[in-house]
Structure formats: C-alpha cells, structure tokens
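# Examination of the molecular architecture
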Amino acid sequence: MSQSRIAIYAGTFDPLTWGHYDLIRRSVSLFDRLILAVARSTPKDPLFSTKEREELTREAVKDLPTVEVVLFEGLLINYARSRHVRVLVRGLRAFSDFEYEFQMALINRKLAPEIETLFMMPSEEHSYLSSSRVKELVALGGDVSDFVPPVIRTALLRKYNRAG
Ligand code: COA
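Summarised in this report is the structure supplied together with it. Not measured: the values here are computed from a predicted model. Residue indices follow the written sequence of each chain, beginning from 1 at its first position. Two thresholds apply to this predicted model, a pLDDT of at least 70 for residue-level local features and 80 or more for giving and counting side-chain atom pairs, whereas whole-chain, interface and lining totals are computed over all residues. Excluded from the side-chain calculation are hydrogens and water; included are all heavy atoms of the structure.

### A few points about the packing of aromatic side chains
By convention, a stacked pair of Phe, Tyr or Trp rings (six-membered ring in the case of Trp) has centres within 6.5 Å and planes under 30 degrees apart, an edge-to-face pair has planes over 60 apart, and any other such pair is tilted. Under the defined criterion, the tally for this structure stands at 5 aromatic pairs. Taking 5.2 Å as the distance between ring centres and 25° as the angle between the ring planes, the aromatic pair formed by Phe98 and Phe102 counts as stacked. Remark: Phe102 and Phe98 occur in helix 4 (residues 95-111); sequence separation between them is 4 residues, near one turn of the helix. The partly exposed category is assigned to Phe98, whose relative accessible area is 39%. Among the residues examined, Phe102 registers a relative accessible area of 44% and is labelled partly exposed. By definition, any uninterrupted DSSP run of H or I lasting at least four residues is a helix, any uninterrupted run of E lasting at least two residues is a strand, and each is numbered from the N terminus. Residue burial is assigned from relative accessible area. The probe radius is 1.4 Å, only protein chains are included, and a residue is buried under 20% of its type maximum, exposed over 50%, and partly exposed in between.

Here it is as structure tokens:
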C-alpha cells in the first residue's frame with residue numbers, strides 16, 4: 001500500500017504573505033497533505049501573538065482543504081518526527097536566503113538524516129516579499145493589498161489602527 005505523502009512548511013508567519021501562499025500552493029500540488037507549522041517561540045519579536053499568527057494563517061489558507069495549520073514548539077525535526085513526516089518544505093526567494101537556509105537544512109539533516117529539506121522558488125512576482133517589509137509598509141500608511149491576503153491586510157490595518 002502506498003503511503004500518503006505529507007510535508008511540513010514551518011515559519012513564523014508574522015504574518016503570512018502571498019509569497020508564503022504561493023509556496024503553499026506549490027506544495028499542495030506535490031503532496032497529499034501539507035502541515036503549516038507556526039513556530040510558537042521565535043527569536044524575532046512578532047507583531048502578532050502566537051494565537052493570532054495561528055488563526056490568521058488558518059484563515060488565509062481555508063480554501064485549501066489538504067492544508068492543516070498547527071503550532072509547534074522546540075526543534076522542527078522533533079515535531080516532524082512526532083508526525084512521521086520526512087519532508088520539510090522551504091522557500092528560496094533570493095541568493096540572500098541561501099546561506100541561512102543552507103545552514104538550517106544541513107543542521108537539520110545532521111540531527112535527523114531521515115528528513116529531507118525540499119527547496120522551492122516562489123514566483124518571481126513574490127520573490128522580493130517579506131513579512132517585515134509588509135509590516136513596515138502598513139506602519140507607514142502604504143497599501144499592501146497586492147502583498148497579503150485580504151484577511152491579513154485587515155488584521156494589519158487593525159494592529160496599526162489604520163482605516164481599511
Ligand atoms: N514569501 C515571502 N516571504 C517569505 C517567504 C516567501 N515564500 N519565505 C520566507 N519569507 C520571509 C518571511 O516573511 C520572513 O520575513 P521576516 O524575516 O521579515 O519576518 C523571512 O522570510 C523568514 O521567514 P520564515 O520562512 O517564516 O522563516 P523563519 O525564519 O521565520 O522561521 C523556522 C524559521 C521557524 C522554520 C525555524 O526557525 C525553525 O525551524 N525553528 C524551530 C527551531 C529549530 O528547529 N531550529 C533549527 C535549528 S537549525
């Protein structure tokens with residue numbers, strides 16, 4: 001019997017952008033199920049609370065039935081093992097992502113040789129996007145309609161006390 005193909009795409013998602021969504025869509029077409037794992041703790045100082053990041057991410061992907069949104073704590077490879085998942089999906093937007101991603105993939109491989117990291121490129125129209133730039137734009141009154149799903153835009157405007 002063939003096993004179902006499952007992958008994990010982890011991140012801070014503070015907040016999810018169309019760039020993340022693009023990668024999620026690509027993953028959905030390759031895997032039977034995709035676990036979107038929202039990191040509970042992060043060295044970053046997130047704008048959105050853990051619960052908000054989880055709920056907004058879930059809302060943003062609700063049209064994708066094979067995607068499950070979860071929170072995880074600790075090492076990603078431990079979470080992957082607990083779910084019997086052997087593929088971690090990561091996005092490579094630009095050359096500048098490479099060194100960080102390379103280190104993380106190799107450390108993860110050292111710790112868990114049975115788990116593979118699969119890199120994909122988001123479409124070029126999203127390759128310059130990051131959550132920080134989106135937050136900066138909203139804080140300064142810029143329009144982020146082209147960069148994030150509507151539910152995220154609304155949440156950002158509310159956070160920064162701006163009218164939609
Ligand atoms: N489109 C748009 N933006 C993207 C993107 C894409 N396709 N892919 C990444 N980004 C952006 C994010 O918005 C984020 O921007 P920001 O720095 O301005 O917030 C940045 O790239 C990196 O974000 P992300 O891909 O979400 O990764 P992360 O660094 O926030 O999360 C974890 C990394 C959570 C997966 C990783 O730290 C982890 O596994 N932590 C658990 C502990 C662990 O196992 N550590 C491993 C030790 S090596």
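### Points about the site of the ligand
Close to the ligand lie 24 residues; Thr12, Leu76, Tyr100, Ser131 and Ser132 are nearest. In the model, an oxygen atom of the ligand is placed 3.3 Å from a nitrogen or oxygen of the Arg90 side chain. We define a polar contact as two N or O atoms separated by no more than 3.5 Å, with the added condition that, inside protein, one atom must be a possible hydrogen donor and the other a possible acceptor, whereas residues neighbouring each other in sequence contribute only through side-chain atom pairs. Between the ligand and Leu129 there is a distance of 3.2 Å, counted from a nitrogen atom to a backbone nitrogen or oxygen. In short, Shrake-Rupley with a 1.4 Å probe defines the accessible areas, and a residue's cover is counted only from the protein chains shown. Relative to its free-state accessible area of 940 Å², the ligand is covered by the protein chains to the extent of 83%. When residues of the shell around the ligand are traced back to their parent elements, those giving at least two are strand 1 (6-11), helix 1 (18-30), helix 4 and helix 5 (131-139). At 4 residues, the largest contribution of residues to the shell around the ligand is made by helix 4. Along the lines of polarity and charge, the residues of the shell around the ligand split into 11 nonpolar, 10 polar and 3 charged. In these notes, residues near a molecule or strand are those with any non-hydrogen atom within 4 Å of it. When residues are sorted by character, Ala, Val, Leu, Ile, Met, Phe, Trp, Tyr, Cys and Pro go into the nonpolar class, Asp, Glu, Lys and Arg into the charged class, and all the rest, Gly among them, into the polar class.

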